[in-house]
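An overview of the molecular structure
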Amino acid sequence: MKNDRPTGDIATALSLVTGATILGGIVLACRKPHVPVKKPQATVAAARRLNRAAGTLAASVLIDSAIEHYRGNFHNKAMITPLVTASLSLAASLHGTADSKGEAHVIRDLIYAGAGLTGLVGTGFHIFNISKKPGGLSWQNLFYSAPLGAPAAISLSGMLGFLSERLRDSHPDMPPKILGIPAGRVIGVMTSLGLMGTVAESGLLHFRGAYHNPAMYLPVTMPPVAAALLGASALGPIRRHGRLTRWWLRATALLGFAGTGFHAVGVARGMGGWRNWRQNLVDGPPIPAPPSFTGLAMAGLAALALLEDHPDD
Amino acid sequence: MTDRYPGYDVLAKRRTPSWNEPTRQVVNRRLAVPREPRYLTPPLFTVLDAVCQRILPQPTDRPPVPLAALVDDKLFTGLQDGFRYARMPDQGEAWRRGLAGLEEAAEAHYRLCFVKLSGEQQDDILRRMERGELSGGALGDMPATLFFEHRLILDIVTVYYAHPTAWSEMGYGGPASPRGYVRMGLDRRDPWEAAEAHDGDETKARLENGFVG
Amino acid sequence: MSADPFLSDPFAAPRAIGGRAPDVMKAGGWLPMKQHDNNEEVDFVVIGTGAGGGPLIARLAEQGFSVIGFDAGAYFRPLEDFASDEIEQQKLYWLDERIIDGANPIRMGGKNSGKAVGGSTVHFAMVSLRFRPEWFKSHSLLGYGADWPLDWREMWDYYARAEKALSISGPVRYPWGPKRPRYPYRAHELNGAAEILARGAEAMGYQWTATPLATVSAPHGDSPPCVYRGFCRFGCSTNAKQSQLVTFIPRGIAAGAEIRDLAMVGRIETGPDGRATGVHYHREGRWRFQKARNVIVAGYAIETPRLLLASANDRYPDGLANSSGLVGKNLMTQSNQAVFGVMDKEVRWNKGPPSLSITEHWNYEDRKDFHGGYCWMAQGPLPVEWATIVAGSRKRWGAPLREEMMRYNHQVGLKMVGEMLPDERNRVTLTDEVDQYGLRIPRITYSWGDNDKALIQHALGEMERSLDLVGAKDIFRQEDDTNHLAGTARMGSDARSSVVNADCRSWDIPNLWICDGSIFPTMGGVNPSLTITAISLRTADRIKALAKRGEL
Ligand SMILES: Cc1cc2nc3c(=O)[nH]c(=O)nc-3n(C[C@H](O)[C@H](O)[C@H](O)COP(=O)(O)OP(=O)(O)OC[C@H]3O[C@@H](n4cnc5c(N)ncnc54)[C@H](O)[C@@H]3O)c2cc1C
Ligand code: SF4
């Protein structure tokens, strides 16, 4: 049986590159002259809400990947990467949330881009990891090997942050656009896709748990509706379902927190309960995972606000 | 024998979630087994003791396992296997005959009692029994090989590997309830499992084994 | 037994008494239990509360019959009574003396028989497999053994019900046999030993799968998910294991069944009309008699024939239900040989249930020159068992034994479960020695046939090749092991060649039933308990149907 694992080195190299990029960015940012621009308040507010959403996702990823990679004993040095990027993304998001200036921030930008990249690379690693397991792309490996969907969450955080920066960058006198498309629509569609991805991940893991508790159906029923409503608003006429969409997104945001509560109860139900936390925190339902729904719902709300502030139809 | 799991002591986990109350009581009782014979006569017990040292020579750097006392305890409490070969007497009788048979063989071959023999000589007698070369006398109609394999070896090996000293030396995680294990894959160790010393990193393993709780 | 005043001794006195039974899910907990008087003629007495007895006790009670389940063993609460210890937990086994002989004597005790409320399922390894459909007609379809009077399609339904009732955790897709519904719970994560099996199977081009196990991978009722402690064969102190003790027995009690623990049945009484009238049992120091309209024997393949033979009387001088002369004959066990080796990597095979992966390749492949099939599974023996294997199979003692034991965490193994063919010379008889109750102890005679030996050699070769392909070193064979029992009261379609009919009803005495592993006409190449449970569920339904038609 082959047991050499070259991935460790590749990953270390990659994290070095990422680190260097970020560092370079910091240097660049320090040199950039500061030109204040006046932006409509609403756009900046939306951008800050996106930062908050990105931060919520980053926090969820940070703790979740810390626990999961601790289980994996960090046997591969690259497993530290998501912790670093998620921390940076969280920091950038906190900074962005507090920042009411109407322009993008180079460091935040770089960090967000790095987060997006990390997620992609991570997905690659996880696919590689699964392909090495006997059975290949089987249910068994989807359940228990490196989770395919998890790294995408850090990408989502990066993406939301990146979009937030684009918002701040948009032309002050026109409705905000990203790549020439109304910003609300872009963010709405991306968030909607992100929600569906997260639904798939929780669907997979709840299937692994055999939906033993009816509440486990909530994250595979509520968020898809939110995603559909948001997607419909982002792609079609905005006003039709505005109120419903908003309330549904709010409920989804709450669901994320409620999920954490449910998962905490699940951990307590493990053998030995909290006294056996070193096992149950890792083997039990992941406490930090559900708030990723909250983060995405927050982004959806921001998109919805943009769409309503700048109706383009 | 080099220490593969330096510094690992399974008893260090006794107060952690890896041990439940029934397990603590069971192991406490085992560690406190009376060292004097309660079933065998003292002369036979000394033969048993000598046999045990040949069957399972003990590590010098870990607490010794009172093998003979543990075998005697099994006979005393009458814990049975659930079966008996048709050609074998019950376990107590088998042990009495078997030990007496060894004593007789020692006299016959070396004109000394078993405990006075050198290690090699004792092994020689034991091998003769294993090969079925001893018969009659105190053994009676009990087949020597059957006694050796299914009574003598089985009982001694069982009590040794049911003892924490053995668990520690072989790096076995030991009792595991309510806490079980998390890291299931190859080459993965939970923080409460023994760390193995690989070439040149004995210090690292020793350090990790200091934290197995 | 224990110094802690909170913990009581399950052996000191019966626990299921005084209108209550232990709540197995809570230390010190109790459940209300209905009780019957000895003189009350109950509808059913069930002797044995294991894979065969448990489901019947529950289902009959749920159908409104009055039922008493007797077990010679203790009524454990796993949370407070089970230690993580190979020696202490022998209290789950049937350790009363039995004489073994023949060319290949079967070692009893922990290898094959339990003595506890819940029977052998309290310490079984939880592997829950279905028969290959053809095995129900192995004589007519495959040319060996005997046909069962059951149809596999009907069995497929009952398997599904058994799997549901036991919350089996199994793979999303099972690679062999006809389609089956999805297992109620998802399969468990593989441990290192299971991964080695998988890699070996893939290297040979065979399919493999995560094993369907009766231990939950997610919470179920009061059962927390499995914590992978690996002491399954010594009782699950987590209560993740879905033994009869935590599934059907509590269900039965809730439905009004009574359980009598530490109650050894010594004799079944028959009346002037030749029908069974009740059972003599030993409890709390003396013999008692319980009246019953029907008696169901479910004591497994040694105790069932022992009880039937010991109940001989003037009317039935050869023992009850024995007009065919087959009671005690055709005893079967399963070949349980293994191949072991050492890996460079740390495997730590004691983590998790022992048999997390399996290949049934040779159960479904007929191109071979012997009858019957076999599967093999990953292994994870704990130190005492491992030491006895090394000492026994490699004849090691002294320093070489200790040296070899040091490799424990690197060891891997594959263990077969193979079909042995029925042979009338393999049998259970009574000796003149008596046990602690004054009952004659059984003699178990067993010799392997040529086909058995050929199958074993084939399997050993295959398993060895598989381990070799994954780079295991210092490979050796464990040649002599057997596990699981069946036969001794086979079912069939006529009274001359079998003891019971398809409904597990004895041909000779209409109110005497036998429903446990003893009724197997052939053994099959998979672990037997799921089949026993499925048949038990079927029997309960049949009894209901017969009762409705007034044919009890
Ligand atoms: C170590 C081990 C591992 C196993 N692993 C598996 C596995 O992974 N998968 C699988 O399918 N099977 C496994 N088995 C086999 C399985 O446990 C048995 O096939 C099954 O439990 C048999 O069911 P039964 O009802 O016939 O008998 P049992 O479950 O043994 O129940 C019989 C009960 O009857 C009681 N009894 C007997 N006689 C009397 C009497 N006269 N009076 C009162 N009570 C009496 C006994 O105390 C016992 O509790 C394993 C067995 C062992 C020992
Ligand atoms: S490994 Fe699972 S089923 Fe086995 S004893 Fe442990 S918790 Fe129970």
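If you look chain B up in an unreviewed UniProt entry, it shows as Gluconate 2-dehydrogenase subunit 3 family protein from Acidisoma silvae.

1. Quick notes on the interface of chain A and chain C
Residue-level contacts link 21 residues of chain A with 30 residues of chain C. Here chain A and chain C share an interface that buries about 2,100 Å² over both sides, 62% of which is from carbon and sulfur atoms. The interface formed by chain A and chain C contains 1 salt bridge. Between E195 of chain C and K133 of chain A there is a salt bridge, and its shortest N-O distance comes to 3.9 Å. In this assembly, chain A and chain C are joined by 7 residue pairs in polar contact (both at pLDDT 80 or more). Secondary structure elements with two or more residues in the side of chain A that touches chain C: α5 (139-144), α7 (183-208) and α10 (277-283) of chain A. Here the element with the most residues in the side of chain A that touches chain C is α5 of chain A; it accounts for 4 residues. Grouping the constituent residues of the side of chain A that touches chain C by class yields 8 nonpolar, 7 polar and 6 charged.

2. A look at the packing of helix α5 (residues 192-204) of chain C against helix α10 (residues 450-469) of chain C
Working note: a packed helix pair is described by the angle between its axes plus the distance between those axes. All names here are of chain C. Two elements in contact, α5 and α10, have axes whose closest approach is 8 Å; the angle formed by their N-to-C orientations is 100°. Between α5 and α10, the interaxial angle falls into the category roughly perpendicular. Contact residues: I196, G200, A201, A203 and M204 in α5; E462, R465, S466, L467 and L469 in α10. Counted by class, the contact of α5 with α10 contains 6 nonpolar, 2 polar and 2 charged residues.

3. Overview of the domain arrangement of chain B
Residue and element names in this part refer to chain B. Looking at chain B, the domain boundaries give domain 1 (1-12 + 173-213) and domain 2 (19-171). Relative placement of domain 1 and domain 2: their C-alpha centres are 30 Å apart. Contacts between the two partners involve 12 residues from domain 1, matched on the other side by 13 residues from domain 2. Between domain 1 and domain 2 the total buried area reaches about 1,000 Å² when both faces are included, carbon and sulfur atoms providing 56% of it. Counting the surface domain 1 buries against domain 2, the share from its top three residues, V10, L11 and P175, is 44%.

4. Remarks on the interface of chain C and chain B
Counting residues at the interface gives 65 residues for chain C and 66 residues for chain B. Carbon and sulfur atoms make up 56% of the area that chain C and chain B hide from each other, which totals about 5,600 Å². The tally of links between chain C and chain B comes to 9 salt bridges. Between R84 of chain B and E97 of chain C there is a salt bridge whose closest N-O contact spans 3.1 Å. Our enumeration of links across chain C and chain B arrives at 29 residue pairs in polar contact (both at pLDDT 80 or more). Of all the secondary-structure elements, those providing two or more residues to the side of chain C that touches chain B are β5 (99-101), α5, α8 (383-394) and α9 (399-405) of chain C. A class-by-class count of the residues in the side of chain C that touches chain B yields 30 nonpolar, 13 polar and 22 charged. With 2 bridges connecting them, strand β1 (residues 84-85) of chain B and β5 of chain C associate as parallel partners. From the neighbouring strand, R84 of chain B faces β5 of chain C, where its bridge partner is I99 of chain C.

5. Some points on the sheet that holds β5 of chain C
Pairing is mixed across the open sheet formed by 4 strands, whose spatial order is β1(B)-β5(C)-β19(C)-β18(C). Each edge of the open sheet carries a strand with a single partner, namely β1 of chain B together with β18 (427-434) of chain C. Relative to β18 of chain C, helix α7 (residues 300-310) of chain C is tilted by about 65°, and along the sheet it contacts β18 and β19 (440-445) of chain C.

6. Side note on the site of ligand 1
All names here are of chain C. As a structural note, the neighbourhood of ligand 1 is formed by 40 residues, with G52, D71, S120, Y300 and S529 the closest of them. In this structure, V265 approaches ligand 1 through a main-chain N or O atom, which is 2.9 Å from a nitrogen atom. Within the contact set of ligand 1, an oxygen atom lies 3.4 Å away from a backbone nitrogen or oxygen of P528. Burial of ligand 1 by the protein chains amounts to 99% of its free accessible area of 980 Å². Looking at the shell around ligand 1, the elements with two or more residues in it are β10 (264-270), α7 and α11 (529-548). Classifying every residue of the shell around ligand 1 by side-chain character gives 17 nonpolar, 17 polar and 6 charged.

Reading the values: rules and limits
- Residues numbered from 1 in each chain as written.
- Chains lettered and ligands numbered in written order.
- Predicted model: local features only at pLDDT ≥ 70, side-chain atom pairs only at ≥ 80, totals over all residues.
- Heavy atoms only, no water.
- Contact = heavy atoms within 4.5 Å.
- Buried area = accessible area lost by both parts, 1.4 Å probe.
- Salt bridge = Lys/Arg side-chain N within 4 Å of Asp/Glu carboxyl O.
- Polar contact = N/O pair within 3.5 Å; in protein donor to acceptor, adjacent residues only side chain to side chain.
- Helix = DSSP H or I, 4+ residues; strand = E, 2+ residues; numbered from the N terminus.
- Nonpolar A, V, L, I, M, F, W, Y, C, P; charged D, E, K, R; others polar.
- Axes fitted to C-alpha atoms, helices over the stretch in contact; angles between N-to-C directions.
- Parallel < 35°, antiparallel > 145°, perpendicular 65-115°, else oblique.
- Domains from an automatic or database assignment.
- Pairing = 2+ DSSP bridges.
- Near = heavy atom within 4 Å.
- Areas by Shrake-Rupley, 256 points an atom, 1.4 Å probe, with all protein chains shown as cover.

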